[in-house]
Amino acid sequence: MSPVALTNGRVLTPTGFSEDCVVIEGDRIAATLPAPPADAKVVDLGGKMLLPGFIDTQVNGGGGRLFNDDPSVETLRVIAETHRRYGTTGMLPTLISDDLDVVAAAIAAVDAAIEAQVPGILGIHIEGPFLSPKRKGIHPEGKLQPLRDDYLALLTSLKRGKTLVTLAPERATPDQIRQLVAAGVIVSAGHSDAPYETVRAAIDAGLTGFTHIYNAMSQLTGRAPGMVGAALESGDTFAGIIADGHHLHPASLRIALAAKGPERLMLVTDAMPSVGSDAPGFELQGRTIHREGDRLVGEDGTLAGSTLTMAGAVRGMIDQGRVSLETAVAMASATPAAFLSLATHGGIAVGQSANLLLADGNLNIEASWIAGIRA
């Protein structure tokens, strides 16, 4: 096949915007050049921005589908196609706390989806059920339990892609965390009432992430730093943040950014089936979730994920975080790629996977490429 040259665009590279053309060969970026090669198929970008594709590590649903309801390849295809319209070219479908047979089905579905080359599926995020009832958020308390040694084989059973497990450090032991990490699992802390010291022990055991920082975790106070304090202090960990204007006060968002920097703070959506759907609500494990504008709540007013998209998260970070477009885009691409140890994702450079977005000045996504294939 002839190479494809994307020309007449404002290309966001790791060093800033460029007017070079981007040459795609197969699934990779082969070159960035002042002019297209003579044998290339030329695509005129019309002066719009060419951005690296966004990576979302927390996607519960989209297009009216919830991963928990039907952990299947078809559900994953619908969710991925829905979020692709808003800039997500890589995602971890996220399973909310559930029975272990549902966890097993979800892992099998992700394995099958990656084998079937469903565009955008990078692995799985298992968020619970090893969480604290005191910080359960919208997770069903009846599903929550401590992590047991005989569950480790299940959590490490994904054959293809990345596995991210969110757990409460007080519901697991440091040795269990070490075993997960040794098997290649990325361990994140969340939905936890753990004190600072317990969180630090988990970090020392290999925990590298914090799930939706500030939300559903022990807070920072003067004499008890809690999980928030441990997350903000630790320079070697990453944290996801939901920049939707509902989960956090903008000042809290800016404090997290000041403490961790854009290289360690990544944008996530925590998206629910409402993304790409006009339905006024949905059922979540027997509970009705209502949509109030762009806010999702349970019957008791508890936030239940979000209607956020990754393009919306980038806009939110620019507005609330007071950062540049370049910084916000990096927090949606390069930073999650680093968290997941995806060396060929997250940027526009030679050798990188050709995961790209064509966007206008308002971050409306007009086209996308995943592994060199245009939607």
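Quick summary incoming for the structure in this document. Remember, it's a predicted structure, so these values are computed and weren't measured experimentally.

**A word on the overall build of the protein chain**
The secondary structure content of the protein chain amounts to 10 helices and 23 strands. The C-alpha radius of gyration of the protein chain comes to 20 Å, within 12% of the 21 Å expected for a compact globule of 375 residues. Burial status across the protein chain gives 57% buried among its 375 residues. Put simply, 68% of the contacts in the protein chain that link residues at least 6 apart link residues at least 24 apart.

**Points about helix H9 (residues 325-332)**
Since the α-helix turns once every 3.6 residues, residues separated by three or four places project in the same direction. Looking at H9, one finds that the buried residues are Leu325, Ala328, Val329, Met331 and Ala332. Angularly, the buried residues of H9 cover 160 degrees about the axis, an arc narrow enough to put them on a single face.

**What about helix H4 (residues 174-182)?**
Gln176, Ile177 and Leu180 are the residues of H4 that are buried. Buried residues of H4, seen end-on, are gathered within an arc of 100 degrees and therefore sit on one face of the element. With its phi angle positive at about 95 degrees, glycine 184 sits one or two positions after the end of H4.

**Things to note about the side chain of histidine 247**
With respect to the element layout, histidine 247 can be found in the loop between strand E16 (238-241) and helix H7 (250-260). Separated by 2.9 Å, the side chains of histidine 247 and aspartate 244 make a polar contact. With residues up to four places along the chain from it excluded, the contact list for histidine 247 reads Asn215, Ile242, Asp270, Leu303, Gly305 and Ser306.

**Some details on the packing of aromatic side chains**
Following the criterion strictly, the structure yields two aromatic pairs and no others. For the pair phenylalanine 238 and phenylalanine 339, a centre-to-centre distance of 5.4 Å together with 50 degrees between the ring planes defines the contact as tilted. Here the residue phenylalanine 238 occupies a position in strand E16, and phenylalanine 339 occupies one in helix H10 (residues 334-339), the gap between them amounting to 101 residues. Owing to a relative accessible area of 5%, phenylalanine 339 belongs among the buried residues under this scheme. Looking at arginine 10, its charged tip hangs above the ring of phenylalanine 17, at a distance of 4.2 Å from the centre. We note arginine 264 situated over the ring of phenylalanine 238; from NZ or CZ to the ring centre the distance is 4.3 Å.

**Focus on the sheet that holds strand E20 (residues 295-297)**
Ordered by their spatial adjacency, three strands build an open sheet running E18-E19-E20, and the pairing between neighbours is antiparallel. Unpaired on one side and paired on the other, strand E18 (281-284) and E20 mark the two borders of the sheet. Strand-to-strand twist of the sheet, defined as the mean angle between neighbouring strand axes without regard to direction, takes the value 25 degrees. The pairing of strand E19 (residues 287-292) with E20 spans three bridges and is antiparallel. Its bridge partner being in E20, histidine 290 is matched across the sheet by valine 297.

Basis of the calculations
Residues numbered from 1 in each chain as written. Predicted model: local features only at pLDDT ≥ 70, side-chain atom pairs only at ≥ 80, totals over all residues. Heavy atoms only, no water. Helix = DSSP H or I, 4+ residues; strand = E, 2+ residues; numbered from the N terminus. Rg over C-alpha atoms; globule rule 2.2 N^0.38 Å. Buried < 20%, exposed > 50% of the residue type's maximum accessible area, 1.4 Å probe, protein only. Contact = heavy atoms within 4.5 Å. Arc of directions from axis to C-beta. Polar contact = N/O pair within 3.5 Å; in protein donor to acceptor, adjacent residues only side chain to side chain. Phe/Tyr/Trp six-rings, centres within 6.5 Å; stacked < 30°, edge-to-face > 60°. Lys NZ or Arg CZ within 6 Å of the ring centre and 35° of its normal. Pairing = 2+ DSSP bridges. Axes fitted to C-alpha atoms, helices over the stretch in contact; angles between N-to-C directions.

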